[in-house]
Amino acid sequence: MLNVFLTAMIVTLASGTAFVLYCRWRYPEPHLNWSEVDVESISFPPDFLWGAATAAHQVEGGLHNNWSVFEESRGLEKSGEACDHWNRWKEDFEMLSELGLTTYRFSIEWSRLEPEPGKWDSAPLQVYSDMVDDLLNRGIRPVVTLHHFSHPAWWEDRGGFSKKENLPEFIAYCERVFETLSDRVDVWCTINEPTVFSSMGYTLGQFPPGHRSIRQTLRIMRNLMRAHAALYASLKSRRPDASIGVAKNVTLFDPLNRWSPIDWAVARLLDWLWSGAWQRGILSGRMLGSRVRGSKNSLDFIGLNYYTHFLTGLFMPTTGELAFARRENEVSTEFGYPMYAEGFRRAIEKVSVLNVPIEITENGVADSNDVLRPEHLMRHLWVLSEAISDGYDIKSFHHWSLMDNFEWAEGYSMRFGLYEVDFDTQERNLRKSGELYRKIITEHMKT
Ligand code: IFM
C-alpha cells in the first residue's frame, strides 16, 4: 500500500515538474530592462498608417441600445451624451488632421439604423456616409467596425448572439451598411473583441446582458464565429477586393508563480479559450468542438487589440472588481492591470500564425493625468518597430483612443484619450502624449 502511495507521489511530482519545465521553455515571459532600451530608435516604412480608434457607443451619445438599458438596470454610470460626437464629428475630425493621422477606425451603431425591428432610418446611414467622405477628403483611410459591443435593445430582448436564429438580422444590418459604404471603405472589422464580449457579458456578467454561465459563454463564442464567417462570405461576394477582418483582443495569460503546475494549467487553459479557440476556428473551421461553416480562412487581415497580460492562479476573483496581479518590476496602469509592452511582441507573434497581414486596431492606456501614456506609447511603438524590421507584416497602428470616452462598466473614470475631454463643457484638449504622437507621425512620414 505504502509502495503504491509513494509511486503515485513520485509520478505526480515528476509529471508536474516535467509540465512546468516544458511550459517555462515553451512560453517564456520576457521582461526588458527598459532603462537600457533606446525607445527613440524606431523606424517605420513610409507607407505605414498612423491612426486612432473610437467606438460608437463610447463617443456618439444619445443612444438607446443594449448598453444604455444595462447602464440603467445596473445603476452604472450612464453613457448619456458621451462625447456628443454625433453632433460634433466634423470638429472631431479636425483633431485627426491636427495629429496628422492617415487611418481612423470607428464603429457603426446598429440601433440608430434600425431603431425598431425592420424599420430602417436612412438619415443616420447618410451621416456615416458623410463621415467617410470627410475622412477621405482629409486623406485618412476609414476602417469600419460593424459590431463594437452595442446593438439594438430589441435584438438583445430576442436573445442577441445567444440564438443562431437571430444571426440573419445582424447580417442584414451589416449588409445594408456595406452596400452603402463599401464603394469608399476598403477595410472592415466584422466584430470587435469577440472574446471580451462573450466573457464580460456571459461569464463575468459585467457587460450586457450580465449573465454568468460558462455554457452560454461557449454558445456565444460559437455564434460570434458563425456571424463572422457568414459575414465574411456575404461581404466578399459583394466586393471581392474588400479587406475583411476581426479586431481580436489578445490578452496574454501568464502563471502568477512560474514554478506552480496549477498556475500554469490555469494560464494555458485561459489562453486556449481566449486566443486558441478563435485561432483554430480560422485555421481549421472548427470551434470548441463544432464545425463552423465558412470560418476556415475567413480573414483578409487580423486586427490586434493589445493591452496587457494577466497573471493567473487558482484563486482568481470572478465577482466584483477584478484584482490584477503584477510582477515586481511592472508599473500598474490606472485600470489596475500592468503595463507590459514586451507582451505586445508576443501578441504579434501569436496572431502571425494566421498568416494574414496585421493591423494594430487598438493599443493605449487609461491615464487621466497623462503621466504614463508617453512612456507607454514609446515602448509599444519601439516593440512594433522591432517587429516590423524582423519581418512581420504590420500595416497600421491605431491608438486607443482619439479622445477620452465612455469606458463601458468603468464609466468615465478611465481616460484613454490623446485628447482630454471635459465632459461638462465638451471641450477637447490635446494631451502631451498627443503632441508626442503627432511629432512621431510627422517624423516618420518624412522617412
Ligand atoms: O474601450 C475599450 C474598447 O472599447 C475595446 N478595447 C479595449 C478598450 C479599453 O478598455
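Shown above is the structure to which this text applies.
Residues numbered from 1 in each chain as written. Predicted model: local features only at pLDDT ≥ 70, side-chain atom pairs only at ≥ 80, totals over all residues. Heavy atoms only, no water.

1. What about the nonpolar core?
Within soluble globular proteins, side chains that are nonpolar tend to cluster in buried spots. Going by this rule: Remark: nonpolar core denotes a set of buried residues (Ala, Val, Leu, Ile, Met, Phe, Trp, Tyr, Cys) joined through side-chain atoms within 4.5 Å. Buried means the residue's accessible area, taken with a 1.4 Å probe over protein chains only, is under 20% of the maximum for its type, while exposed means over 50%, and partly exposed covers the values in between. The numbering of helices and of strands both runs from the N terminus, where a helix is a DSSP run of H or I of at least 4 residues and a strand a run of E of at least 2.
Grouped together as the largest cluster of nonpolar side chains are 115 residues, with contacts concentrated most on Phe-170, Leu-304 and Leu-384. Ranked by residue count, the leading element in this core is helix α10 (residues 214-238), at 9 residues. Formed by 9 residues, the second largest nonpolar core is a distinct cluster that contains Ala-53, Tyr-307, Met-414 and Phe-416.

2. Here we look at the packing of helix α12 (residues 342-352) against helix α13 (residues 373-389)
Operational definition: Each axis is a line fitted through C-alpha atoms, and for a helix only the stretch in contact is used; angles between axes span 0 to 180 degrees, taken between their N-to-C directions. Roughly parallel here means an angle under 35 degrees, roughly antiparallel means over 145, roughly perpendicular means 65 to 115, and every remaining angle is called oblique. Here a crossing is called left-handed whenever its near helix is offset anticlockwise from the far helix by less than a right angle, and right-handed whenever the offset is clockwise. Throughout, a contact is declared for two residues whenever any of their heavy atoms are within 4.5 Å. Classification convention: Asp, Glu, Lys, Arg as charged; Ala, Val, Leu, Ile, Met, Phe, Trp, Tyr, Cys, Pro as nonpolar; all other residues, Gly among them, as polar.
Direction vectors running N to C along α12 and α13 enclose 40°, while the axes themselves pass 8 Å from each other. It follows that α12 is oblique to α13 by the angle criterion. By crossing handedness, the relation of α12 to α13 is classed as right-handed. Residues Phe-344, Arg-345 and Ile-348 of α12 touch α13, and the partners they reach there are His-380, Val-383, Leu-384, Glu-386 and Ala-387. A class-by-class count of the residues in the contact of α12 with α13 yields 5 nonpolar, 1 polar and 2 charged.

3. Quick look at the site of the ligand
Note the following rule: Working definition: residue near molecule or strand if any one of its non-hydrogen atoms lies within 4 Å of it. Any pair of N or O atoms that falls within 3.5 Å is considered a polar contact. Within protein, one atom must be able to donate a hydrogen and the other to accept it, and sequence-neighbouring residues count only if both atoms are side-chain atoms. Accessible areas in this description were obtained via Shrake-Rupley with a 1.4 Å probe; residue shielding takes into account the shown protein chains only.
Around the ligand, the neighbouring residues are Gln-58, His-148, Phe-149, Asn-192, Glu-193, Tyr-307, Glu-362, Trp-400, Glu-407, Trp-408 and Phe-416. One of the side-chain nitrogen or oxygen atoms of Gln-58 is found 2.7 Å away from an oxygen atom of the ligand. Trp-400 is positioned such that a nitrogen or oxygen atom in its side chain is 3.2 Å from an oxygen atom of the ligand. Out of a free accessible area of 280 Å², the ligand has 93% covered by protein chains.

4. Quick look at the packing of aromatic side chains
Using the following cut-off: Centres within 6.5 Å make a pair out of two Phe, Tyr or Trp rings, where for Trp the six-membered ring is used; the pair is then stacked when the planes are under 30 degrees apart, edge-to-face when over 60, and tilted otherwise. Only when the NZ of Lys or the CZ of Arg is both within 6 Å of the ring centre and within 35 degrees of the ring normal is a charge said to sit over the ring.
Applying the stated criterion across every chain, the model contains 41 aromatic pairs. Their ring planes at 90° and their centres at 5.7 Å tell us that Phe-324 and Tyr-337 sit as a pair that is edge-to-face. Of the two residues, Phe-324 sits in the loop between β10 (309-312) and α12 while Tyr-337 sits in the loop between β10 and α12, which places them 13 residues apart along the sequence. Look at Tyr-337 and you get buried, because its relative accessible area is 9%. Taken together, the aromatic side chains of Trp-67, Phe-70, Phe-149, Phe-207, Phe-406, Trp-408, Tyr-412 and Phe-423 make up a single cluster linked through ring pairs. A cation over an aromatic ring shows up here: Arg-176 above the ring of Trp-120, its NZ or CZ 3.9 Å from the ring centre.

5. Some details on the pattern of salt bridges
Keep this limit in mind: Each salt bridge in this description consists of a side-chain nitrogen of Lys or Arg and a carboxyl oxygen of Asp or Glu lying within 4 Å of one another.
Using the criterion set out here, one finds 31 salt bridges in the structure. Arg-327 is the salt-bridge partner of Glu-29, the closest N and O atoms lying 2.6 Å from each other. In this pair, Glu-29 is assigned in the loop between α1 (2-26) and β1 (49-53) and Arg-327 in the loop between β10 and α12, connecting sequence segments 298 residues apart. Its relative accessible area of 16% is what places Arg-327 among the buried residues.

6. Here we look at the side chain of Glu-29
Looking at Glu-29, the relative accessible area reads 10%, which means it is buried. One polar contact links Glu-29 to Arg-258, side chain to side chain, over a distance of 3.4 Å. Polar contacts involving the side chain of Glu-29 include one to the side chain of Arg-327, which spans 2.6 Å.

7. Quick notes on the state of the cysteines
Put simply, the rule reads: Only a pair of cysteine sulfur atoms within 2.5 Å qualifies as a disulfide here.
Taken as a whole, this structure holds 0 disulfides when the rule is applied. Free cysteine: Cys-83, not disulfide-bonded; nearest cysteine sulfur from Cys-189 at 20 Å. Take Cys-83: its relative accessible area is 0%, and that puts it in the buried class. Free cysteine Cys-189: the closest other cysteine sulfur is in Cys-174, separated by 12 Å.

8. Re a negative patch on the surface
Just so we agree on the cut-off: Patch construction takes residues with relative accessible area above 30% that form no salt bridge. Like charges are linked within 9 Å, and nonpolar side chains (Val, Leu, Ile, Met, Phe, Trp, Tyr) are linked within 5 Å. The charge count includes Lys and Arg as positive and Asp and Glu as negative, but it does not include His or the ends of the chains. The atoms used to mark charge sites are NZ of Lys, CZ of Arg, CG of Asp and CD of Glu.
Together, Glu-420, Asp-422, Asp-424 and Glu-427 give the surface a local cluster of negative charge. On the secondary structure map, Asp-424 appears in the loop between β13 (419-422) and β14 (427-430).

9. Let's talk about helix α6 (residues 122-137)
Defined as follows: The span expected for a helix works out to 1.5 Å for each residue beyond the first.
In this model, α6 (16 residues) spans 23 Å end to end at C-alpha, consistent with the 22 Å of a helix rising 1.5 Å per residue. If you follow the buried residues of α6, they end up packed against α2 (56-59), α4 (85-99), β2 (103-107), α5 (110-113), β3 (141-147) and α8 (167-181). Its side-chain oxygen placed 3.1 Å from the backbone nitrogen of Ala-123, Asp-121 serves as the N-cap of α6. Just beyond α6, the residue with positive phi is Gly-139, at close to 80°.

10. Describing a nonpolar patch on the surface
Taken together, Leu-2, Phe-5, Leu-6, Met-9 and Ile-10 make up a surface patch of nonpolar side chains, about 530 Å² in accessible area. In this structure, Ile-10 sits in helix α1.

11. Here we look at the packing of helix α9 (residues 194-202) against α10
Relative orientation of the contacting elements α9 and α10 amounts to 155°, with a least axis distance of 9 Å. Comparing their axes, α10 and α9 come out roughly antiparallel. The two elements α9 and α10 meet at a crossing, and its hand is right-handed. Two secondary-structure elements touch here, α9 through Pro-194, Phe-197, Ser-198, Ser-199 and Tyr-202 and α10 through Gln-216, Thr-217, Ile-220, Met-221 and Leu-224.

12. Looking at a positive patch on the surface
Together, Lys-164, Arg-286, Arg-291 and Arg-293 give the surface a local cluster of positive charge. With respect to the helices and strands, Arg-286 occurs in strand β7 (residues 286-287). Here Arg-286 falls in the partly exposed class, since its relative accessible area comes to 42%.

In short, geometric facts, not functional conclusions.
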